[in-house]
Amino acid sequence: MQTIRNSLEKNLNLDQLRSFALVVEAGSFSAAADRLGLTQPAVSLQVKLLERRLGVRLIERVGKRARPTVAGLALLQHVSQIESAVEAAIDAVADHAAGATGRVRLGCGATACLYFLPPVLRALRAQFPALSIVVSTGNTDDYVRKVEENTIDLALVTLPAGGRSLVATPVRDDEFVAIGRGDGAPLKARVSPADLMPLPLVLFEPAANTRKLIDRWFAAAGLTPRPVMELGSVEAIKEMVAAGLGYGIVPGMSMAGRGAHPDLKASRLSPRMHRTLALVTRRDKPVSKGMRILFDAVVSAGKG
């Protein structure tokens, strides 16, 4: 038994493990191949080689989906730990180099990606050209789950977000504003839910955390908004309002700096409504040099 174990430890292939885990996550070999940038036969071969090496079947088809067998589920519990251990070992060596290297995976909301992250990433690229920062966008719930599953390293999301295995570090307070066309019926300098309720509203789609905040803001005044449009993008909301199709409520950062729109005017909300952006990480995840550099840069930018 010890001879077999030694053989497996010697020959276990990280690419094969990664392909296996991604097939399970994506639910199919073709979807996993698309995400890996490989052909489907190449991914199938990697999984077959892994099954042959371990002497057990890891994936089975249930209908049109690829699902893990009992043995596959057992292996899946260790894949992220293996990858983390390897990354930590590589980063430990990289720490002795002159600059940061490696890859850091960051998930964030679309608004933060558009209006907050670009100068942070530009500065890091200039200072640490060998550090690869992979950014993807989505909603808070999805990225909190991905941090828990260790498929990304950290996430910049809207609070509340957390779990027993996670740590949330507040980064920035972002106040919401009401927007309308500058040449249309003007909004007051401060607007209340009652002021906005009679107007055609262009709001975020119901599943978005920002929309939940907006709904609670109206609900505190005993009102329920009935928007004429529900969109998933802050830029789409701004363009619809700029076209004269209604009034919107958006994060303040989307109307400042490079987000300013020549046809729109912003008004503050009364009572004030805001959200807190935070970096979420796993408590037990080894912190690489690259992760620490990105983490510190984002927190520093939030205070600026």
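The structure contained in this document is the topic of the report that follows. Just so we're clear, the structure is a prediction, and the values are computed from it rather than from any experiment.

## A look at the side chain of threonine 111
- Structurally, threonine 111 can be placed in helix α6 (residues 110–115).
- Threonine 111 has contacts with Phe116, Val234, Pro251, Met253, Ser254 and Arg275, leaving out every residue within four places of it along the chain.

## Regarding empty space enclosed by the protein
- Tallied over the entire structure, the rule returns one cavity of 30 Å³ or more.
- Counted as a void, the largest cavity has a volume near 50 Å³.
- Every residue lining the largest cavity is listed: Gly180, Arg181, Gly182, Gly184, Ala185, Pro186, Leu187, Tyr247, Lys265 and Ser267.
- Of all the elements in the fold, those that place two or more residues in the lining of the largest cavity are β6 (166–181) and β11 (264–269).
- Of the residues in the lining of the largest cavity, the class split is four nonpolar, four polar and two charged.

## A look at the pairing of strand β12 (residues 274–282)
- Pairing of strand β5 (residues 154–158) with β12 involves four bridges; the strand directions are antiparallel. By the bridge assignment for β12, leucine 156 is matched with leucine 279.
- Sheet analysis places β6 next to β12, joined by nine bridges and oriented antiparallel. Considered in β12, the bridge of arginine 172 is made with leucine 277.

## A closer look at the environment of glutamate 87
- Within the fold, glutamate 87 resides in helix α5 (residues 70–94).
- We classify glutamate 87 as partly exposed; its relative accessible area is 26%.
- The spatial distance from the C-alpha of glutamate 87 to the C-alpha of lysine 289 is 11 Å, given a sequence separation of 202 residues.

What counts and what doesn't
- Residues numbered from 1 in each chain as written.
- Predicted model: local features only at pLDDT ≥ 70, side-chain atom pairs only at ≥ 80, totals over all residues.
- Heavy atoms only, no water.
- Helix = DSSP H or I, 4+ residues; strand = E, 2+ residues; numbered from the N terminus.
- Contact = heavy atoms within 4.5 Å.
- 1 Å grid on protein atoms, 1.4 Å probe; cavity = no way out; pocket = protein on both sides within 12 Å on 5 of 7 lines; lining within 4 Å.
- Points joined across faces, edges and corners; volume = space filled by probe spheres on them.
- Nonpolar A, V, L, I, M, F, W, Y, C, P; charged D, E, K, R; others polar.
- Pairing = 2+ DSSP bridges.
- Buried < 20%, exposed > 50% of the residue type's maximum accessible area, 1.4 Å probe, protein only.

Read these as layout, nothing more, since geometry by itself doesn't imply function.
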